[in-house]
Amino acid sequence: MAPTETRTLPSDYHIVLDASGHVIDASEGARALFAGAPLDAWTNDGDRQNAAAVIARVISGEVEQAGIQVTAPDGSPIWMSLRVAPGAPGQVLGFVRPGRMYRPTSTSAQADRLRLLATVTTHSATPFRERLERALRLTSELLSLPIALVSRIEGETYTVFAAQAPGTELAPGDQFELANTFCSVTIESDDVIAINGVGETAYRVHPCYEVFALESYVGVSVEVRGEKWGTLTFSSSTPLSQHLAPADHDLIRLLALWVGGEIEREEDRHAIVTSEQRYRALSHATFEGIAFSVGGTITDCNRQFATLLGYDAPEDLIGRSAFDMVAPDSREKVGTMIREGRTEPYEA
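Residues numbered from 1 in each chain as written. Predicted model: local features only at pLDDT ≥ 70, side-chain atom pairs only at ≥ 80, totals over all residues. Heavy atoms only, no water.

A look at the overall build of the protein
1) Next: Secondary structure assignment for the protein yields 9 helices and 13 strands.
2) Next: Each of the 348 residues in the protein was classed as buried or not, and the buried ones make up 43%.
3) Next: Residue pairs at least 24 apart in sequence account for 48% of intrachain contacts in the protein once pairs closer than 6 positions are excluded.
4) Next: A total of about 18400 Å² of accessible surface is found on the protein, and carbon and sulfur atoms cover 52% of it. (Helix = DSSP H or I, 4+ residues; strand = E, 2+ residues; numbered from the N terminus. Buried < 20%, exposed > 50% of the residue type's maximum accessible area, 1.4 Å probe, protein only. Contact = heavy atoms within 4.5 Å. Areas by Shrake-Rupley, 256 points an atom, 1.4 Å probe, with all protein chains shown as cover.)

Quick look at the structure:
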């Protein structure tokens, strides 16, 4: 719908977006809020692709509501709730909530936190590291705790796994003595550890306070395969104006569960790739003829296998049916083994 057509928006802070995330209409209040900024530049540069994916999920009906982060001309982050525009297929109605990303106070705060998690964690096509960095950034802004870290803890060594730490030099791979961090306390706990105004608490004598001068800290253990793997933490050099709400603690717990699950899947995928590479190297080094097949189709073989069957190179066999290599009186046996997915050794 063209911007010149008449449309009555239901609130002073509503906008209408098309399937690509372009703003095609806006209420007077919303235009005033973003005065001086192009309407199609509201979304953060790093989130523009992510925002388009979220809008597509809303339009398709996969989710009824979702949320994205936009930025006002003064640089402040603002939360925008999205839902399908009534009577306008292919369009989304957005409700801009000034200041919502800082301290949500409405009864829908818990729902907004869950939508934030869904927004940044469910796009499996995006690499895990990118989704993790986005989740840390958005959550740190929501909590008003600018330093967000996922850390691997092995023995007495603390290694930064992922970092959202503006104004610091913290980066993945940095290592510290565990005893010099508040994670030495977090990793021993089964729940969220939250400290506000550290200098006024018993933790003021902790080495972490002396070294890093953190005034606010919240952290929880990250578990992988039921074992404590590391920590998820958010912190700041200044105290929070008020303590975190129970909904904030729930958000942190859920995020830690997601992080642990994704790390487990990443490790499993790495193990599979490493195993396949090992077997592939073995097959190409042996004097025996070895081939790999999926569903009866040859996917790889070594040169000895090709030579034994009278072919010039392994490439001459890849993609062909294994039945082409089997004598007629053995085809029934081979077909049965393939159909039933059996893995025990047999001769043909």
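More follows now that the structure is in view.
Observations regarding the packing of aromatic side chains
1) Next: All chains considered together, the criterion is met by 6 aromatic pairs.
2) Next: Ring geometry for F128 versus W258: centroids 5.6 Å apart, planes at 65°, classification edge-to-face. With F128 in helix α4 (residues 128-143) and W258 in helix α7 (residues 246-285), this residue pair connects regions lying 130 residues apart in the sequence.
3) Next: Among the residues examined, F128 registers a relative accessible area of 5% and is labelled buried.
4) Next: With 5.3 Å between their ring centres and 90° between their planes, F161 and W229 make a pair best called edge-to-face. Placement of F161 in strand β7 (residues 157-164) and of W229 in strand β11 (residues 227-236) is noted, with a sequence separation of 68 residues between them.
5) Next: Judged by relative accessible area, F161 falls into the buried class, the value being 18%.
6) Next: Among the aromatic residues, those joined into a cluster by ring pairs are Y158, F176 and F212. (Phe/Tyr/Trp six-rings, centres within 6.5 Å; stacked < 30°, edge-to-face > 60°.)

Description of the layout of surface pockets
1) Next: Estimates place the volume of the largest pocket at around 950 Å³.
2) Next: Lining the largest pocket are 27 residues, with A291, S293, A322, V334 and Y346 positioned closest to its centre.
3) Next: When contributions to the lining of the largest pocket are tallied by element, the ones reaching two or more residues are β12 (291-294) and α9 (331-339).
4) Next: Among the elements that make up the lining of the largest pocket, the one with the highest residue count is β12 (4 residues).
5) Next: Of the residues assigned to the lining of the largest pocket, the class counts are 17 nonpolar, 7 polar and 3 charged.
6) Next: Within this model, the second largest pocket holds a volume of roughly 240 Å³.
7) Next: If you go around the second largest pocket, you meet 18 residues; those closest to its centre are L149, L170, F212, L214 and S235. (1 Å grid on protein atoms, 1.4 Å probe; cavity = no way out; pocket = protein on both sides within 12 Å on 5 of 7 lines; lining within 4 Å. Points joined across faces, edges and corners; volume = space filled by probe spheres on them. Nonpolar A, V, L, I, M, F, W, Y, C, P; charged D, E, K, R; others polar.)

Topic: the nonpolar core
In summary, soluble globular proteins display a tendency toward joint burial of nonpolar side chains.
1) Next: Among the nonpolar cores identified, the biggest contains 26 residues, and L132, L136, V150, F161, L232, F234 and I252 are the most heavily contacted of them.
2) Next: Mapped onto this core, the elements with two or more residues apiece are α4, β6 (147-154), β7, β10 (216-224), β11 and α7.
3) Next: At 6 residues, α7 tops the list of elements feeding residues into this core.
4) Next: Apart from residues no more than four positions distant in its own chain, L132 is found in contact with V150, F161, A162, W258 and V259. (Core = buried A, V, L, I, M, F, W, Y, C linked by side-chain atoms within 4.5 Å.)

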